[in-house]
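# A closer look at the structure
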Amino acid sequence: MTPDLECDALTKRFGAALAVDDVSFSVPPGSFFSILGPSGCGKTTIMRMIAGFLAPSGGDIRIKGRSVLDVPPNKRPVNMVFQHLALFPMMNIADNIGYGLRRKGLPRAEITRKVGEVLERIGLPDIATRKVEELSGGQKQRVAIARCMVLEPDVLLLDEPLGALDLKLREHMKIELKALQAAFDTTFVYITHDQSEALVMSDQIAVMNAGRFEQVGTAQELYYRPETAFVAGFVGDSNRWSGRVETASGGTLGLRTEGGLLMQATAHGRPLATGDRAEIYVRPEAIRLARQDADLAQFDNRLSGRVTSLLFNGAASRILVQSDQGGPEIEVTLPQSGEFADLGRGDAVHIGWSGAQSNCFARTGAA
Ligand SMILES: Nc1ncnc2c1ncn2[C@@H]1O[C@H](COP(=O)(O)OP(=O)(O)OP(=O)(O)O)[C@@H](O)[C@H]1O
Ligand SMILES: [Mg+2]
């Protein structure tokens, strides 16, 4: 099937600065594609080129197989939802949503029908005559999306559309947006610097850093098998050590951290050899907590230590453990089974993890 959107070696220079550097990707029809990256990495610049507000310095953009470089923004089959929604405060909701249809010159009756349909679709059938100021933040967000969807674009671009909402509402809108995307069966390209938004909603995520895509994959691929140290550090939380490879055989690495800890790790096909400097990443939930070392016999990495902090956060609670063998504190997920309910600061614990759950990367740059 022809992808809804393809970018091919897309590049944008501002003077000497490369804001977008040779980015290629393709988005299949009806899917939710996110671009995740830190502030200033070039996300909005990509969106503005797709929407046609900015001319690329190089590369091509195709929508449903056809290059749109020569197509002006108002003729492209894409619409964009911005972080600051820009609903028209003087118009009621129906007029806001119908705005683009009126500009296209559709008959009044057809506009009314389409607006009614789309209001139904976003679950707000009774707000047509309300004013913008009479809606909640989440409702305004849905209206902003409805205003774009009523134009039936092939691709909807969303630039941090939840940025202005409070945390609780963002959590709710994540689920809502995913449901809206499925209901409209339209391709969404969503940009955010919030990894949890990207992980929850997306079919595919591109992790972007300094103008380039570091990795494109499903949430699970990025989370469990990051291809670069940047992705490992940016997506989810990890314990991280710097060290050196002491042995490498049969895909298993023996490492010594700068703090002197010895660790086993699976290479996962990454090119690491004896003597290489390495970064080691292990997620807090990959580490098992136990009262005695004997309970951790199945793990090739085991340490003893003391609890230095309890970070209670419901189901996401963690502890910090200072290992008796030295090195930085280690963050460990606290099981909610009740078994550790009375755990306190200063308690002696044992921790263990499988080297297969580690991700190691060769360390480049200065020591
Ligand atoms: N019109 C412009 N002229 C010069 N530089 C620009 C222009 N627009 C963007 N830039 C620069 O290009 C880089 C990428 O900007 P962009 O807005 O794409 O980042 P972003 O990933 O969307 O960041 P944020 O998450 O903060 O919105 C930044 O360094 C920015 O300063
Ligand atoms: Mg931006």
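Note that the coordinates shown come from a computational prediction; the quantities given were computed from them, not determined experimentally.

The rules behind the values
Residues numbered from 1 in each chain as written. Chains lettered and ligands numbered in written order. Predicted model: local features only at pLDDT ≥ 70, side-chain atom pairs only at ≥ 80, totals over all residues. Heavy atoms only, no water. Near = heavy atom within 4 Å. Polar contact = N/O pair within 3.5 Å; in protein donor to acceptor, adjacent residues only side chain to side chain. Helix = DSSP H or I, 4+ residues; strand = E, 2+ residues; numbered from the N terminus. Nonpolar A, V, L, I, M, F, W, Y, C, P; charged D, E, K, R; others polar. Pairing = 2+ DSSP bridges. Axes fitted to C-alpha atoms, helices over the stretch in contact; angles between N-to-C directions. Domains from an automatic or database assignment. Buried area = accessible area lost by both parts, 1.4 Å probe. Salt bridge = Lys/Arg side-chain N within 4 Å of Asp/Glu carboxyl O. Parallel < 35°, antiparallel > 145°, perpendicular 65-115°, else oblique. Left-handed = near helix turned anticlockwise from the far one by under 90°. Contact = heavy atoms within 4.5 Å. Buried < 20%, exposed > 50% of the residue type's maximum accessible area, 1.4 Å probe, protein only. Phe/Tyr/Trp six-rings, centres within 6.5 Å; stacked < 30°, edge-to-face > 60°.

This next bit is on the site of ligand 1. With respect to spatial proximity, the complete set of residues near ligand 1 consists of Phe14, Ala19, Pro38, Ser39, Gly40, Cys41, Gly42, Lys43, Thr44, Thr45 and Glu160. Contact between ligand 1 and Ser39: an oxygen atom at 2.5 Å from a side-chain N or O atom of the residue. At 2.7 Å, a side-chain N or O of Thr44 approaches an oxygen atom of ligand 1. With three residues, helix α1 (residues 43-51) is the single largest residue contributor to the shell around ligand 1. Here the shell around ligand 1 is composed, by residue class, of four nonpolar, five polar and two charged.

This paragraph deals with the sheet that holds strand β8 (residues 187-192). Strands in a sheet are paired, the pairing made by backbone hydrogen bonds, and the direction either parallel or antiparallel. Judged by pairing direction, the sheet is mixed, and its six strands sit side by side in the order β6-β7-β8-β3-β9-β10 without closing on themselves. Of all strands in the sheet, those bounded by a partner on one side alone are β6 (78-81) and β10 (212-217). For this sheet the average axis-to-axis angle between neighbouring strands, irrespective of direction, equals 20°.

As a further point, take the domain arrangement of the chain. Many structure descriptions define interface size as the accessible area lost when the parts assemble. Along its sequence, the chain is carved into domain 1 (5-231) and domain 2 (237-362). Between the C-alpha centres of domain 1 and domain 2 there is a distance of 39 Å. Roughly 700 Å² of surface becomes buried between domain 1 and domain 2 when both sides are summed, with 41% attributable to carbon and sulfur atoms. If you sort the residues of domain 1 by the area they bury against domain 2, Tyr223, Arg225 and Ala229 come out on top, with a joint share of 68%. Our count for the contact surface shared by domain 1 and domain 2 stands at zero salt bridges. At the surface where domain 1 touches domain 2, the tally comes to seven residue pairs in polar contact (both at pLDDT 80 or more). Top element by residues in the side of domain 1 that touches domain 2 is helix α7 (residues 219-224). It accounts for three residues. The class makeup of the residues in the side of domain 1 that touches domain 2 is five nonpolar, one polar and two charged.

Quick look at the packing of helix α2 (residues 93-103) against helix α3 (residues 108-121) now. Two packed helices can be described by the angle between their axes and the distance between those axes. The geometry of α2 relative to α3 is characterised by a closest axis approach of 9 Å and an angle of 125° between their N-to-C directions. Considered as vectors, α2 and α3 are oriented oblique to each other. In the packing of α2 onto α3, the handedness of the crossing is right-handed. On α3, the residues touching Ile93, Ala94, Ile97, Gly98, Leu101 and Arg102 of α2 are Ile111, Lys114, Val115, Val118 and Leu119. Its residues assigned to classes, the contact of α2 with α3 shows eight nonpolar, one polar and two charged.

Time to look at the environment of Gly116. Take Gly116: it is sitting in helix α3. Among the residues examined, Gly116 registers a relative accessible area of 32% and is labelled partly exposed. Separated by 34 residues in sequence, Gly116 and Val150 have C-alpha atoms that sit 9.9 Å apart.

All right, on to the packing of aromatic side chains then. Any aromatic ring pair is given by two values, namely how distant the centres are and how the planes are angled relative to each other. Summed over the entire model, instances satisfying the criterion amount to nine aromatic pairs. Between Phe230 and Phe234 the ring centres are 5.4 Å apart and the planes differ by 10°, which places this aromatic pair in the stacked class. With Phe230 and Phe234 both in helix α8 (residues 229-234) and four residues apart, this pair spans about one turn of that helix. Ring geometry for Trp241 versus Trp353: centroids 5.8 Å apart, planes at 5°, classification stacked. Pair noted here: Trp241 is in strand β11 (residues 239-249) and Trp353 is in strand β19 (residues 348-353), with a separation of 112 residues, a long-range link.

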